[in-house]
Amino acid sequence: MRLWYAPRTISVAAAIALEEAGLAHELVPVDTAGGEQNSESYLKLNPKGRVPLLATANGTLLTETGAILEYIAACAPDAGLVPADPVAAAQLRSVMYYMASTMHVNHAHTRRGHRWARKPESFADMTAMVPETMSDSAAFFQNACLQGHWVLGDTFSLADIYAFVVCSWLESDGVSLDDFPGIAAFIERMRSRASVRTVAEKGLI
């Protein structure tokens, strides 16, 4: 497999999942700061112009973090990244979908305002709201999603990988982890995992 990624973006979740699953893969950096995601060569692979992008062993190209994480989990069922119990599986997906549809979008308002508006004053207003909206999302995650050490209580899953990456943006978005001790402890637990240490050593985090 090949994973196109950019450091400190949501694509890091896919890299962590590949490590958790023990799947052989190659990492391909994309210089998003330099605009490489909008290059003709990259857009031929992913017309969305975003990361992550995963090429499977047979050459199929997959986009969208949630879909990529689900594919990785399906390729390595023994890793237990998605529980067999349908209710637990639905719970982890509900957290991942919240991260994708709400918390990640809140974060994007800091530097991706052009996706929703054109006027500079609109960008400024969206940016000013980010600490509040990210705090609200952090409170929801800490109080309603974390059911113990992990989203599924004692069971580690894809949802924890996804949430870790998104929560790692909180401080840069003006949210103090001192206000969210549950998240701070969760982040430290994630950082102690071999998969996260490996990805960090490669410079993705």
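In case you missed it, the structure is sitting above this.
Residues numbered from 1 in each chain as written. Predicted model: local features only at pLDDT ≥ 70, side-chain atom pairs only at ≥ 80, totals over all residues. Heavy atoms only, no water.

**Q** Can you tell me about the overall build of the protein, naming the residues and giving the values?
**A** A tally of helices and strands in the protein yields eight helices and four strands. Beginning at the N terminus, the succession of helices and strands in the protein can be written as β-α-β-α-β-β-α-α-α-α-α-α. For 205 residues, the compact-globule formula gives about 17 Å, and the C-alpha radius of gyration of the protein, at 17 Å, lands near that figure. Projected onto its principal axes, the C-alpha positions of the protein cover 50 × 45 × 30 Å. (Helix = DSSP H or I, 4+ residues; strand = E, 2+ residues; numbered from the N terminus. Rg over C-alpha atoms; globule rule 2.2 N^0.38 Å.)

**Q** Give me helix H3 (residues 65–75): which residues, what numbers.
**A** Burial in H3 covers these residues: Thr65, Ile68, Leu69, Ile72 and Ala73. Projected down its long axis, H3 carries its buried residues within an arc of 135°, all on one side. (Buried < 20%, exposed > 50% of the residue type's maximum accessible area, 1.4 Å probe, protein only. Arc of directions from axis to C-beta.)

**Q** An account of the layout of surface pockets is needed here, citing residue identities and associated values.
**A** The volume enclosed by the second largest pocket comes to roughly 150 Å³. Forming the walls of the second largest pocket are Arg8, Thr9, Val12, Phe164, Val165, Ser168, Trp169, Arg191, Leu204 and Ile205. For the lining of the second largest pocket, the class distribution of residues is six nonpolar, two polar and two charged. (1 Å grid on protein atoms, 1.4 Å probe; cavity = no way out; pocket = protein on both sides within 12 Å on 5 of 7 lines; lining within 4 Å. Points joined across faces, edges and corners; volume = space filled by probe spheres on them. Nonpolar A, V, L, I, M, F, W, Y, C, P; charged D, E, K, R; others polar.)

**Q** So what's going on with the pairing of strand S1 (residues 2–5)? Residues and values would help.
**A** Judged from the four bridges that link them, S1 and strand S2 (residues 26–29) form a sheet pairing that is parallel. Directly across from tryptophan 4, in S2, lies its bridge partner valine 28. Note that the unit made of S1, helix H1 (residues 11–21) and S2 has a crossover that is right-handed. The pairing of S1 with strand S3 (residues 53–55) spans three bridges and is classified as antiparallel. When the bridges of S3 are listed, tryptophan 4 appears paired with leucine 53. (Pairing = 2+ DSSP bridges. Right-handed = clockwise from strand over helix to strand, strands pointing away.)

**Q** Break down the packing of helix H6 (residues 158–167) against helix H7 (residues 181–191) for me, citing the residues and quoting the values.
**A** One way to put it is that H6 packs onto H7 with a least axis distance of 10 Å and a crossing angle of 115°. Judged by the angle between their axes, H6 and H7 are roughly perpendicular. In this structure, H6 meets H7 at a crossing whose hand is left-handed. Each of Asp160, Ile161, Ala163, Phe164 and Cys167 in H6 lies in contact with H7, whose residues at this interface are Ile183, Phe186, Ile187, Met190 and Arg191. Split into classes, the residues belonging to the contact of H6 with H7 amount to eight nonpolar, no polar and two charged. (Axes fitted to C-alpha atoms, helices over the stretch in contact; angles between N-to-C directions. Parallel < 35°, antiparallel > 145°, perpendicular 65-115°, else oblique. Left-handed = near helix turned anticlockwise from the far one by under 90°. Contact = heavy atoms within 4.5 Å.)

**Q** Give me the lowdown on the packing of aromatic side chains, citing residues and values where you can.
**A** Per the counting criterion, the structure on display carries four aromatic pairs. Look at tryptophan 150 and phenylalanine 156: their rings are 5.1 Å apart centre to centre, the planes differ by 85°, and that puts the pair in the edge-to-face class. Ring geometry for tryptophan 150 versus phenylalanine 186: centroids 6.1 Å apart, planes at 75°, classification edge-to-face. Separated by 36 residues along the polypeptide, tryptophan 150 in the loop between helix H5 (120–145) and H6 and phenylalanine 186 in helix H7 bring together distant segments of the chain. (Phe/Tyr/Trp six-rings, centres within 6.5 Å; stacked < 30°, edge-to-face > 60°.)

**Q** Let's hear about the side chain of histidine 107: which residues, and what values?
**A** Mapped onto the secondary structure, histidine 107 falls in helix H4 (residues 86–108). Judged by relative accessible area, which is 10%, histidine 107 ranks as buried.

**Q** I'd like a rundown of the environment of valine 82, residues and numbers included.
**A** Residue placement: valine 82 occurs in the loop between H3 and H4. As for valine 82 and arginine 50, which are separated by 32 residues in sequence, their C-alpha atoms are 25 Å apart.

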